[in-house]
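Residues per chain are reported as follows:
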There are 2 protein chains.
Amino acid sequence: MNKNFAIENKLFTFVRKLSNNMTNSHQNMAKVFKALGSEQRLNLFKMIYYWEKTMDVNMCCGVEKAFSKACDCMNLSRSTISHHLKELQNANLLVCERKGQMLSCQVNKELLNDIKIFFD
Amino acid sequence: MNKNFAIENKLFTFVRKLSNNMTNSHQNMAKVFKALGSEQRLNLFKMIYYWEKTMDVNMCCGVEKAFSKACDCMNLSRSTISHHLKELQNANLLVCERKGQMLSCQVNKELLNDIKIFFD
DNA sequence: TTTATTGTTCGACAACTATCGAACATATTA
DNA sequence: TAATATGTTCGATAGTTGTCGAACAATAAA
């Protein structure tokens, strides 16, 4: 009986810590999942990842056309794409940088790794 | 030039496939992330996972108290917890089963593994 | 310098979501 | 059988989100 009690207390502490957002990474993870939790945004993310990888392998051009490609491929307005990109950046899944006219987006691979670790 | 063109076409095909939801797993993944994309729901999920694991290790009692524990630990009403649990089940992250009065919830470990694979 | 291209910001709107309390159903205990 | 405990379902509500088009800013090309 006492044993059960002790375990319940441990549980309480654990959850209280979560609920009080003592754990920063918890909040961040929720943010990441939220960002990936829209089908269109997941599309966008995968597209950029795929694009980046393909470009890399073929060494023929940069990744800075991601935005306009997205507009062409997905049936969404520019403003919507811009909005979604911002969400992905905000979750730290993408790092974007202006290059002249174009926006260059890259996937944050470290975070991808963190996510895998999270699920262990 | 021609090379770039071919690559762009590949990209188009890739994204169109995503957008048309030809890939079932893509849709499912978005659902999973959406479910985990709320802080409270992530709390709940982690709590159940932690609870399950602790109980397992200590072999002292079952996991069927998850619901009431959740109500105690998190500051949410029963109906809200019920709602969130349903979302998690819907995303296939939890498998719940009634045991008498109680609801027994278990984490779907296979899916956790699928998620890790997804990030490779 | 004019025009075209890329992307951002804004305001609007419909759809969705988190949360609650109340009422209910089912199972356990007295 | 009456009372209690555990969950579910419903309706309401406030808040958030996805999407658009229009107006704008910055850069590139004519």
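Refer to the structure presented above.
Since the structure is predicted, the reported quantities are computational estimates derived from the model, not experimental observations.

Criteria and cut-off values
- Residues numbered from 1 in each chain as written.
- Chains lettered and ligands numbered in written order.
- Predicted model: local features only at pLDDT ≥ 70, side-chain atom pairs only at ≥ 80, totals over all residues.
- Heavy atoms only, no water.
- Helix = DSSP H or I, 4+ residues; strand = E, 2+ residues; numbered from the N terminus.
- Buried < 20%, exposed > 50% of the residue type's maximum accessible area, 1.4 Å probe, protein only.
- Contact = heavy atoms within 4.5 Å.
- Areas by Shrake-Rupley, 256 points an atom, 1.4 Å probe, with all protein chains shown as cover.
- Core = buried A, V, L, I, M, F, W, Y, C linked by side-chain atoms within 4.5 Å.
- Pairing = 2+ DSSP bridges.
- Near = heavy atom within 4 Å.
- Polar contact = N/O pair within 3.5 Å; in protein donor to acceptor, adjacent residues only side chain to side chain.

Draft legend 1. Structural context of the overall build of chain A. Helix and strand counts for chain A stand at six helices and two strands. Seen in sequence order, chain A has helices and strands lined up from the N terminus as α-α-α-α-α-β-β-α. Per-residue burial for chain A yields a buried fraction of 42% across its 120 residues. Considering only residue pairs separated by 6 or more positions, chain A has 53% of its internal contacts joining residues 24 or more positions apart. By element, 49% of the accessible surface of chain A is carried by carbon and sulfur atoms, the whole surface being about 6700 Å².

Draft legend 2. Summary view of the nonpolar core. In terms of nonpolar packing, the biggest core is built from 58 residues, with A:Leu93, B:Leu93 and B:Ile115 touching the most fellow members. If we ignore the near neighbours within four places in the chain, the residues touching B:Leu93 are B:Val32, B:Ala35, B:Leu36, B:Phe45, B:Leu88, B:Gln106, B:Val107, B:Asn108, B:Leu111, B:Leu112 and B:Ile115.

Draft legend 3. Quick peek at the pairing of strand S2 (residues 102-107) of chain B. Residues and elements named next belong to chain B. As paired strands, strand S1 (residues 94-99) and S2 are joined by six bridges and run antiparallel to one another. By the bridge assignment for S2, Glu97 is matched with Ser104. Between S1 and S2, which pair antiparallel and follow one another directly, the connecting turn spans two residues, one of which, Gly100, has a positive phi of 65°.

Draft legend 4. Spatial organisation of the protein's contact with DNA strand C. For DNA strand C, the set of nearby residues contains 22 residues, the closest of which are A:Ser82, A:Lys86, A:Gln101, A:Leu103 and B:His84. Each atom of DNA strand C within 4 Å of the protein was classed as base or backbone; sugar and phosphate made up 71%. In this structure, B:Arg41 approaches DNA strand C through a side-chain N or O atom, which is 3.0 Å from a phosphate oxygen. At 2.8 Å from a phosphate oxygen of DNA strand C is found a main-chain nitrogen or oxygen belonging to B:Ser77.

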